[in-house]
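Descriptive structure summary
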Amino acid sequence: MNLLGKIALVTGSAQGIGRGCALELARAGADVVVNDLRSGPEVDSLVDEIVGLGRRAAVIEGDVFSRAGCEGVVGRAIDAFGQLDILVSNPAHNRRADFLDYDPDDFERVVAATLSGGFHMSQLIARHLVGRKSPGKIVFISSIHDLVPYAKSVAYNAGKAGLKHMAFTIAAELLPHRINVNLIQPGWIDTPGELAFFSREALDAAAPELPWGRLGQPSDIGKAAAFLASDDADYITGTALLVDGGLWMNDARKGG
């Protein structure tokens, strides 16, 4: 329980990776601000799980793809708990299509959600931490897509690659304030979002063929986030942590 006394804000936490992060932070002792675009049964069940772990939870609805939305979420989160110590920035939006057919509006939306949303939220949290003269933790959820240019993902690839470089820039600038800024690169994670692109049968068939013999789980990413948010990671900043079961090396293992 090495996050006792800490308040964490996890964006996009109703399901998938965000949910996994919220639960693992709570399991490590943090009270959690649960954010998603709107409340519903998934949010209610997440709050029940967090409370069942003995932690406090506050639900803050809001669109974290825009500056105004981020300002509203951060302001209400601070009102709820008095302070914030940890941000897990997990704005989730993607559209897959061939480059030649990719809709320009979809491109703008995906990049704004992936990159601009991360900028707005992290800047607001950093200003809060600096104003309190308090160290803190910012963890961006990126993707293996910031490393591997997967086809049919031009906007997502671009946004995540930009997010990585932005995170490192933020880390460098926040060094004097002792604010750790790091990034997690998930591989293929078994989330509801994947079911928008693949059937359950396709995912189950693909899993044994992956280097680790399975798809990743949201809890795999959550445990990494909880580590990076803890004092155990005090000497780690400006780094990207691959949590992908070796997926990025999938072709390398076949040999030359």
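Our structure's up above, just so we're on the same page.
Small disclaimer: the values here were computed from a predicted structure and weren't measured. (Residues numbered from 1 in each chain as written. Predicted model: local features only at pLDDT ≥ 70, side-chain atom pairs only at ≥ 80, totals over all residues. Heavy atoms only, no water.)

**Overview of unusual backbone geometry**
Even without glycine at this site, Lys152 takes up a positive phi of about 70°. On the secondary structure map, Lys152 appears in the loop between β5 (136–141) and α5 (154–173). For Lys152, a relative accessible area of 45% puts it in the partly exposed group. (Helix = DSSP H or I, 4+ residues; strand = E, 2+ residues; numbered from the N terminus. Buried < 20%, exposed > 50% of the residue type's maximum accessible area, 1.4 Å probe, protein only.)

**A word on the side chain of Lys164**
Tracing the backbone through its elements, the reader meets Lys164 in helix α5. By relative accessible area, Lys164 is classed as buried at 18%.

**Observations concerning the packing of helix α1 (residues 16–27) against helix α7 (residues 218–228)**
Axes are the key here: two packed helices are described by the angle between their axes and the distance separating the axes. One way to put it is that α1 packs onto α7 with a least axis distance of 7 Å and a crossing angle of 50°. In terms of their interaxial angle, α1 and α7 are classed as oblique. When you trace α1 past α7, the crossing you get is right-handed. Here Gly16, Ile17, Gly20, Cys21, Glu24 and Leu25 of α1 lie close against α7, whose contacting residues are Pro218, Ser219, Ile221, Gly222, Lys223, Ala225 and Ala226. Split into classes, the residues belonging to the contact of α1 with α7 amount to seven nonpolar, four polar and two charged. (Axes fitted to C-alpha atoms, helices over the stretch in contact; angles between N-to-C directions. Parallel < 35°, antiparallel > 145°, perpendicular 65-115°, else oblique. Left-handed = near helix turned anticlockwise from the far one by under 90°. Contact = heavy atoms within 4.5 Å. Nonpolar A, V, L, I, M, F, W, Y, C, P; charged D, E, K, R; others polar.)

**Comments concerning the pattern of salt bridges**
The tally for this structure, following the rule as stated, stands at 13 salt bridges. Between Asp31 and Arg56 there is a salt bridge, and its shortest N-O distance comes to 3.0 Å. Within this pair, whereas Asp31 is found in strand β2 (residues 31–36), its partner Arg56 is found in the loop between α2 (41–52) and β3 (57–61), the two being separated by 25 residues in sequence. Using a relative accessible area of 5% as the deciding quantity, one classes Asp31 as buried. Among the residues examined, Arg56 registers a relative accessible area of 45% and is labelled partly exposed. For the salt bridge of Lys164 with Asp146, the shortest nitrogen-to-oxygen distance reads 3.5 Å. Here Lys164 is found in helix α5, whereas its partner Asp146 is found in the loop between β5 and α5, with 18 residues between them in sequence. A residue is classified by how much of its surface remains accessible, and Asp146, at 9% relative accessible area, is buried. Here the salt bridges share partners, and the residues they tie into one network are Asp31, Arg55 and Arg56. (Salt bridge = Lys/Arg side-chain N within 4 Å of Asp/Glu carboxyl O.)

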